[in-house]
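# Fold and geometry: a report
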Amino acid sequence: MGTLDTVIIFLYFAVLIGVGIIGSKKAKTTEDFALAGRNLGLFMYLGCLSAVILGGASTIGTAKLGYEFGLSGIWFVSMIGLGIIVLGTFFIKKIAKYKVTTISELLGKKYKSEARLITAIVASIYTLMVAVTQVIGMGTIINVLLGWNLTTSMFVGGGIVLFYTILGGMWSVTVTDIIQFVVMTVGIFAIMLPMSIAKADGIGSLLSKLPESHLSLTSIGYTQIFQYFLLYTLGMVVSQDIWQRVFTAKSPSIARKGSLYAGIYSIAYALAGSIIGMCAFVILPNLGNTQNTFATLALNILPTGILGLVLASVISALMSTASGTLLASSTLITNDIMRQYFMKDISDKKMLVLSRVTTLCVGMLAISFAVWIQDVLVALDVAYAILSGAIFVPVLLMFFWKKATPNAGFYSILASTIVVIGGLLIEGITSTNPIMYGIATGFVVLIGISLITNYRNKESLVTSLSDTKQG
């Protein structure tokens, strides 16, 4: 990589640090820090939501899947987009009625405080694990591009994200996400995609050189497509980092429209990434490690200067998801655990300080885990499985079934979590069955206990009225 490319990446880092300093002046209350004052317009909301859902895994992973499976590689990110569309179409109007900060706070309002606690624990672990994987990804890319050792690379990438997130909270994250959204869009759609197709001698030539299986939408397998649906479509609907973005919108209408547009954008991003991977299959037919499909293709086809911009777009995707998930994890811990159980009378000023300190601790923990493990985390799949298998049903029925009772919601989450973890231990973490077991358990427990409770309450009411008449 040339000197110009290195300068571009360092300038990009400097801009992000500057945004963090500016954002610190905006974050004057805990609501500013966690939700950017609930004041984002359509473009800003669309940009920051798209940036957080399309992390480094979306860019690098989709190019890899496009290389291996062709068009069928779209399903991974398309299911993420579908989840955001479902959220926008069916849930946001209902969510907007509640002035809450977290998904667990809302579950606590509908069910009981124990439901809030268990959801906060599961969701904070999940968001922390997502942040860890992004720090690992940033470290890997910086290590390859700049030649620094992996540990130093992780500290630099993770440290920059942590710096601007602590200073400005959601205000800094939002502004950096807009920058990252623009860089991602230009890097993928305006540069990498057309130049990859041109290097493959055009669409016609590309299609003629690809094996027939690469032109099928189902070559990845129906089982894998269904697994993506369970993990990502359902996971997006109940993910705190996504809900926290929803709460930043100025109005329910903006939240709904922005979510639909972000979902459509994600599907287009999935198609672009898959085509880039397919071009790499033709241009680099003997690629050893398909995980490096995107970076290797970029190094081979892009000129100096342009290369720096495109690689900055990949780092952008990683940083956006890392900052959003760090903030989500710290918000869950401060709002739903610390303030709820240990600091009920804390002032807003002290809460803001606590939020920054918690974000610092969560960020340092994420960087430490990344340096220690230096590989894809098994815990991420486990957390995603619990998120989809244990929390989706209570959230769904909370909005669409009025007979759900507080105890039923709590026991549904508890039973489903136990079933999912038990299923993963027995069948292995790659199995999707535990998610389905958890969803089925959630439905049975929540509906069963609710019906029994409502029946008993009705019986008690009839008995009470009968006794009153006799008296």
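Just so you know, these numbers come straight off a predicted model, no measurement behind them.

Turning our attention to the overall build of the chain. Helices and strands together make up the secondary structure of the chain, namely 18 helices and 0 strands. Scaling as 2.2 N^0.38, a compact globule of 471 residues should have a C-alpha radius of gyration of about 23 Å, and the chain matches this with 23 Å. Relative to its full complement of 471 residues, the chain shows a buried share of 56%. For the chain, the share of sequence-separated contacts (at least 6 apart) that also reach a separation of at least 24 residues comes to 85%. As displayed, the chain offers around 18800 Å² of accessible surface, 66% of which is attributable to carbon and sulfur atoms. Taken together, the 29 basic and 18 acidic charged side chains of the chain have centroids lying 11 Å from each other.

Tracing the backbone shows His 214 in the loop between helix 9 (202–209) and helix 10 (222–237). Not counting the four nearest positions on each side in its chain, His 214 is found in contact with Gly 66, Tyr 67, Glu 68, Phe 69, Gly 70, Leu 71, Met 278 and Phe 281.

With that settled, the discussion passes to the nonpolar core. Core analysis: the largest hydrophobic core is formed by 138 residues, its most contacted members being Tyr 45, Ile 53, Met 192, Trp 243, Met 319, Ile 391 and Val 395. Beyond its immediate sequence surroundings of up to four residues, Met 319 is in contact with Tyr 12, Phe 13, Leu 16, Met 138, Gly 157, Ile 160, Val 161, Tyr 164 and Gln 180.

Interaxial distance between helix 3 (residues 42–53) and helix 12 (residues 252–283) falls to 9 Å at its minimum, and their mutual angle equals 45 degrees. Between helix 3 and helix 12, the angle is such that the two are oblique. The hand of the helix 3/helix 12 crossing is right-handed. Taking contact as the criterion, the partners of Leu 42, Tyr 45, Leu 46, Leu 49, Ser 50 and Ile 53 in helix 3 are, on helix 12, Ile 254, Ala 255, Lys 257, Gly 258, Ser 259, Tyr 261, Ala 262, Tyr 265 and Ser 266.

Further remarks concern the packing of aromatic side chains. Across all of its chains, the model carries 15 aromatic pairs by this definition. Considering the side-chain rings of Tyr 67 and Phe 281, the 5.4 Å spacing of their centres and the 70 degrees angle between planes classify their relative orientation as edge-to-face. Placement of the pair is Tyr 67 in helix 4 (residues 56–69) and Phe 281 in helix 12, with a sequence separation of 214 residues. With 6.1 Å between their ring centres and 70 degrees between their planes, Phe 189 and Tyr 269 make a pair best called edge-to-face. Note that Phe 189 is positioned in helix 8 (residues 150–199) and Tyr 269 in helix 12, a separation of 80 residues in sequence. With a relative accessible area of 2%, Tyr 269 lands in the buried category. In textbook terms, an aromatic cluster arises when at least three aromatic residues are bridged by ring pairs, as seen for Phe 43, Phe 181, Phe 189, Tyr 265 and Tyr 269.

The next subject is the pattern of salt bridges. Pairs may arise between side chains of opposite charge once their charged atoms sit close together. Counted under the stated rule, the structure contains 2 salt bridges. Its salt-bridge partner being Arg 116, residue Asp 336 comes within 2.6 Å of it at the nearest N-O pair. Placement of the pair is Asp 336 in helix 14 (residues 306–341) and Arg 116 in helix 7 (residues 113–146), with a sequence separation of 220 residues. For Asp 336, a relative accessible area of 0% puts it in the buried group. Assessed through its relative accessible area of 11%, Arg 116 is described here as buried. The salt bridge involving Asp 201 is made with Lys 209; its shortest N-O contact spans 3.5 Å. By relative accessible area, which is 55% here, Asp 201 ends up exposed.

With that settled, the discussion passes to unusual backbone geometry. The phi dihedral of Asp 201 falls on the positive side, at around 70 degrees, and the residue is not glycine. Looking at where Asp 201 falls in the secondary structure, it is placed in the loop between helix 8 and helix 9.

Residue-level pLDDT values for the chain average 83, and 91% of them are 70 or greater. The element-level mean pLDDT for the chain is lowest in helix 2 (residues 30–35), coming to 65, with helix 12 highest at 93.

Following the sequence through the fold, Tyr 126 ends up in helix 7. Distance in space between the C-alpha atoms of Tyr 126 and Tyr 384 is 6.6 Å, their sequence separation being 258 residues.

Rules used throughout
Residues numbered from 1 in each chain as written. Predicted model: local features only at pLDDT ≥ 70, side-chain atom pairs only at ≥ 80, totals over all residues. Heavy atoms only, no water. Helix = DSSP H or I, 4+ residues; strand = E, 2+ residues; numbered from the N terminus. Rg over C-alpha atoms; globule rule 2.2 N^0.38 Å. Buried < 20%, exposed > 50% of the residue type's maximum accessible area, 1.4 Å probe, protein only. Contact = heavy atoms within 4.5 Å. Areas by Shrake-Rupley, 256 points an atom, 1.4 Å probe, with all protein chains shown as cover. Lys, Arg positive; Asp, Glu negative; His and termini not counted. Charge placed at Lys NZ, Arg CZ, Asp CG, Glu CD. Core = buried A, V, L, I, M, F, W, Y, C linked by side-chain atoms within 4.5 Å. Axes fitted to C-alpha atoms, helices over the stretch in contact; angles between N-to-C directions. Parallel < 35°, antiparallel > 145°, perpendicular 65-115°, else oblique. Left-handed = near helix turned anticlockwise from the far one by under 90°. Phe/Tyr/Trp six-rings, centres within 6.5 Å; stacked < 30°, edge-to-face > 60°. Salt bridge = Lys/Arg side-chain N within 4 Å of Asp/Glu carboxyl O. pLDDT = per-residue confidence, 0-100.

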